[in-house]
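The primary structure of each chain is shown beneath.
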Amino acid sequence: MLTENGIAIIVNIALALSFALAAQNPISHYWHKVTDPTFRNIYHANAFDLAMMIPYFIVLLVLAVYGLHRYWLVYDYFAYSKNVPPAPPPVANWPRVTVQLPIFNERYVIERLVEAVSRFDYPPELLDVQVLDDSTDETCEVARACVERHAAQGMPVAYIHRSNREGYKAGALENGLKTSKGEFVAIFDADFVPEPDFLRRTIPYFVNPDGGGKIGMVQTRWTYLNSDYSLLTNVETILLDGHFVVEHGARSRRGTFFNFNGTAGVWRRKAIDDAGGWEHDTLTEDTDLSYRSQLKGWKFLYLPHIECASELPVDMNGFKAQQARWAKGLMQTAKKILPKVWKSDAPWHVKAEAFFHLTANISYPLMIVLSTMLLPAMIVRFYQGWFQMLVIDLPLFLASTCSISSFYLVAQRELRPKTWWRTFLYLPFVMATGIGIAVRNAQAVIEALLGKKSEFARTPKFNIEGKQGTFAKKSYRNKAGWMPYAEVLLGLYFSLTIVYAITNENYATVPFLLLFVWGYLYTGAMSLGQTYFARLRFGVNAPEMRPATSGAPGF
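Residues numbered from 1 in each chain as written. Predicted model: local features only at pLDDT ≥ 70, side-chain atom pairs only at ≥ 80, totals over all residues. Heavy atoms only, no water.

Trainee: An account of the overall build of the protein chain is needed here, citing residue identities and associated values.
Mentor: Along its length, the protein chain carries 18 helices and eight strands. When the 555 residues of the protein chain are sorted by exposure, 56% land in the buried category. Contacts spanning at least 24 positions in sequence make up 83% of the contacts within the protein chain whose residues lie at least 6 apart. Carbon and sulfur atoms provide 63% of the accessible area of the protein chain, an area that totals close to 24,900 Å². (Helix = DSSP H or I, 4+ residues; strand = E, 2+ residues; numbered from the N terminus. Buried < 20%, exposed > 50% of the residue type's maximum accessible area, 1.4 Å probe, protein only. Contact = heavy atoms within 4.5 Å. Areas by Shrake-Rupley, 256 points an atom, 1.4 Å probe, with all protein chains shown as cover.)

And the structure:
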């Protein structure tokens, strides 16, 4: 039987062993480092530290504000979930509709588009289809032959070719309106494949006796023919689903302004004319016209239950060109439209949402600034104590980055309630890709702010559906240029920051820094690799090329 002295000896031995083990435990060692108050009352910021930290925190704060706005969109999406348009009554007298198909060098997909429109179950006597062709290559012959073939079969389709690209897509659409006959105008880009009942499902909302006369535009939700083609197309799907589910859903339900996406939608011709028609002083003519029309009092409807299939860019250079065009165009539209929005009689929440919507891409140049400042900021913050860094920096990082995760997870859960959890596997790649395209998009945003004009850079499509098809040996691929080299250099730079973080036992920042490394190296290496090896992609093997279904060249 143990005495009290014996028990005390055993307890003391156990405590001594516990402290000895704890001293050797790397976790406790790291915690001691994080909470170490050594520099708390000794360190004093100098001029260099202030020059680093003040811009660092300003940038981080602005990014956090835009991150919090994503949370606000998610809140609006659920808070106003009951504000969805009811099903319209049956239509007794169908109106006349013009279908515009603007194309530019789209020889691989034009036949697929015209074939899809030819299957519309709309009264043919109330339909006129315009193929608006600005092409400068063999697309002209392919498109003209396709139109003539379908016209001979009774399809009300006309081929309209311009010898110049004045105004680009906006100019082609405006030119088509000169000879259009429809009260309503449906628009489809070359890579879209609308369902036969598309018009029968959208037009009733315009002619609904209960408020249909005030509707100027109806936008449908995009779906994707080649989501599973590669890692890139899976990431693109998640990015676009976030836009079409949460952004469009929240804005339309709350009653704030949202934009026509340039395709897969229907306009009331009067709403186009009332807003001043198509203008081509921005690269996002669709958003520009949308805001001008809504400022005139026209209502827009978003119909997520009506889907329209499309083809995603399969090459990194094409994807980056598309994203840069959107980033630059939105900033151009912000400069043009926001003053009119602020002077309008729109409610404050409409004006606030318009500001965040149109200026969101300012985050890209800020991301580049943050990227270059992370290493010196880490060095300075080391001498301030890691505990302060966790208390101050971490909430701002969570606001600016975790909001992205919640944003896209909500979209996937709404669309795919049984399999949405798989999105967790793609989120690191989604965030890394968003970081990786920051260099190209930052350049586009700065050009817009400086007023530098540029051509409408089209996104090439190659008639790729599912996991089949390839863009090897096909025309239209975008050039890499110097940008990928800058992205690779940034990736290597962030590799050094990881080395510094590990050396100083700042392990908490490593996962975040890895996103920068992967993002910049992935986008840069893929851009360079696909310039010379067009079959390069992740996740699937490139299959054999297949013949065309009709008269287009084999691919």
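Trainee: Can you lay out the confidence of the model for the protein chain for me, pointing to particular residues and giving the numbers?
Mentor: Residues at a pLDDT of 70 or more form 80% of the protein chain, whose mean pLDDT is 84. Scored below 50 in pLDDT, residues 539-555 makes 36 contacts in the model with residues more than four places away or belonging to other chains. (pLDDT = per-residue confidence, 0-100.)

Trainee: Explain the side chain of Gln294 to me, using residue names and the numbers behind them.
Mentor: Along the chain, the position of Gln294 falls in helix H10 (residues 285-295). In terms of polar contacts, Gln294 uses its side chain to reach the backbone carbonyl oxygen of Phe258, at 2.8 Å. In this view, Gln294 contacts Thr256, Phe257, Phe258 and Phe300; residues no more than four positions away in its chain are not counted. (Polar contact = N/O pair within 3.5 Å; in protein donor to acceptor, adjacent residues only side chain to side chain.)

Trainee: Hey, could you go over the sheet that holds strand E5 (residues 192-193) for me, with residue numbers and the actual values?
Mentor: If you walk across this open sheet you meet the eight strands as E3-E2-E1-E4-E7-E6-E8-E5, and the pairing is mixed. The open sheet is flanked by strand E3 (157-161) and E5, the only strands paired with a single partner. Bridge count between strand E6 (residues 215-224) and strand E7 (residues 265-268): three bridges; the pairing is antiparallel. Looking at the pairing, Val218 lines up with Val266 of E7. Along the sheet face, helix H5 (residues 139-152) touches strand E1 (97-103), strand E2 (127-133) and E3 and points at about 160 degrees away from the line of E3. Contacting E1, E2, E3 and strand E4 (184-187), helix H6 (residues 168-177) crosses the sheet at an angle of about 145 degrees to E1. (Pairing = 2+ DSSP bridges. Axes fitted to C-alpha atoms, helices over the stretch in contact; angles between N-to-C directions.)

Trainee: Kindly report on the nonpolar core, identifying the contributing residues and their values.
Mentor: Counting residues in each nonpolar core, the largest one holds 70 residues, and the members touching the most others are Val99, Leu199, Trp267 and Trp278. Take this core: its biggest share by element is six residues, from strand E8 (residues 299-310). Not counting residues up to four positions away in its chain, the partners in contact with Leu199 are Trp94, Val97, Val99, Phe120, Tyr122, Leu127, Ala186, Pro204 and Val266. Counting residues in each nonpolar core, the second largest holds 56 residues, with Met53, Val74, Leu232 and Tyr522 among its members. (Core = buried A, V, L, I, M, F, W, Y, C linked by side-chain atoms within 4.5 Å.)

Trainee: Can you break down the environment of Met53 residue by residue, with the values?
Mentor: Relative to the helices and strands, Met53 is located in helix H3 (residues 47-79). In sequence terms Met53 and Ala377 are 324 residues apart; their C-alpha atoms lie 6.4 Å from each other.

Trainee: Break down helix H4 (residues 110-118) for me, with residues and values.
Mentor: In terms of burial, H4 is largely enclosed, as seven of its nine residues are buried. What H4 keeps buried is the set Ile110, Glu111, Arg112, Leu113, Val114, Ala116 and Val117. Contact partners of the buried residues in H4: E1, E2, H5 and E5.

Trainee: So what's going on with the packing of helix H8 (residues 231-254) against helix H15 (residues 423-436)? Which residues, and what values?
Mentor: Contact pair H8 / H15: the axes reach a minimum separation of 9 Å and the direction vectors enclose 90 degrees. Judged on the interaxial angle alone, H15 and H8 are roughly perpendicular. Side by side, H8 and H15 meet where Leu231, Asn234, Val235, Ile238 and Leu239 of the first sit next to Thr423, Tyr426, Phe429, Val430 and Thr433 of the second. Looking at the contact of H8 with H15, its residues break down into seven nonpolar, three polar and no charged. (Parallel < 35°, antiparallel > 145°, perpendicular 65-115°, else oblique. Nonpolar A, V, L, I, M, F, W, Y, C, P; charged D, E, K, R; others polar.)

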